[in-house]
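Descriptive structure summary
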Amino acid sequence: MATVNIVFKYRMLSDESDNFVRDFEVYPDMTLTEFNHFILESLGYEPCMVSIFKSDAEWRVVEEFSELDMGDDVPGAPRCMDNVRLMEVNNDFHDRLIYTFDMLNDRSYYLELLDMQRPAEGLSYPRVAFEHAPAPDQYDPEATEQVGSIFEEMMSDYNEFDGDDNYDDEY
């Protein structure tokens, strides 16, 4: 059970699929390790070596968090995800994280803190609040399914409008 009475809402995007979107609602006192396990499970990925990076507004890395505990005596070593909670890393709207799940091929997801809200009655957290399009394939970026864009789906009601060819806007 969470000790805080607030929920963080993150939006996750991928540079491999313009259509992929996930919104996660999680408690901010969740460790980065717990957050990692939740993300892997929600994407249907097998356990893998992950690093989470805090980034600035231009997606430049500010700090790395690793699954490996390298100890405090190693200068410049990333902090261990077991010892860091989300609220220590993100605490303002639009704070960003880079979730790197394939270090060798430099494959990542991009998360932005969209909202901080009270937990809704009857819902359990963490949870996937919204999802669109399948997640990119964990091992083969070329196998990523591309489906219609969100914009196209939203505008589909207007696609049948052909206009009036007899209309003349020049007088």
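The notes below deal with the structure included here.

Reading guide: rules and limits
Numbers given for residues are sequential positions, taken from 1 along each chain in its written order. Per-residue local features are limited, in this predicted model, to residues with pLDDT of at least 70; the limit for side-chain atom pairs, both in listing and counting, is 80 or more; totals at the level of whole chains, interfaces and linings are taken over all residues. Side-chain metrics rest on all non-hydrogen atoms present in the structure, leaving aside hydrogens and water. Here a salt bridge means any side-chain nitrogen of Lys or Arg lying within 4 Å of a carboxyl oxygen belonging to Asp or Glu. Helix and strand definitions follow DSSP, with helices as H or I runs of at least four residues and strands as E runs of at least two, each counted in order from the N terminus. For the exposure calls, accessible area comes from a 1.4 Å probe over protein chains only, and a residue counts as buried if that area is under 20% of its type's maximum, exposed if over 50%, partly exposed in between. Classification of ring pairs uses Phe, Tyr and Trp, with its six-membered ring standing for Trp, and accepts pairs whose centres are within 6.5 Å; under 30 degrees between planes counts as stacked, over 60 as edge-to-face, and the remaining range as tilted.

So, on to the pattern of salt bridges. Within this structure, the stated rule accounts for eleven salt bridges. Asp 23 is the salt-bridge partner of Arg 11, the closest N and O atoms lying 2.6 Å from each other. Here Arg 11, found in strand E1 (residues 7-14), pairs with Asp 23, found in strand E2 (residues 21-26); they are twelve residues apart in sequence, far enough to count as distant. Given the relative accessible area of 32%, Arg 11 is considered partly exposed. With relative accessibility at 3%, the residue Asp 23 sits in the buried group.

Two measures describe an aromatic ring pair: the distance that separates the ring centres and the angle between the ring planes. Applying the stated rule across the entire model yields nine aromatic pairs. The interplanar angle of 70° and the centroid separation of 6.2 Å between the aromatic rings of Phe 8 and Tyr 10 together place this pair among those described as edge-to-face. Assessed through its relative accessible area of 3%, Phe 8 is described here as buried. Centre to centre, the rings of Phe 20 and Tyr 109 are 5.2 Å apart; their planes meet at 40°, and the pair counts as tilted. Linking Phe 20 in the loop between E1 and E2 with Tyr 109 in strand E7 (residues 107-117), this pair joins segments that are 89 residues apart in sequence. Using a relative accessible area of 1% as the deciding quantity, one classes Tyr 109 as buried. Members of the aromatic cluster, each reached through a chain of ring pairs, are Phe 20, Tyr 45, Phe 101 and Tyr 109.

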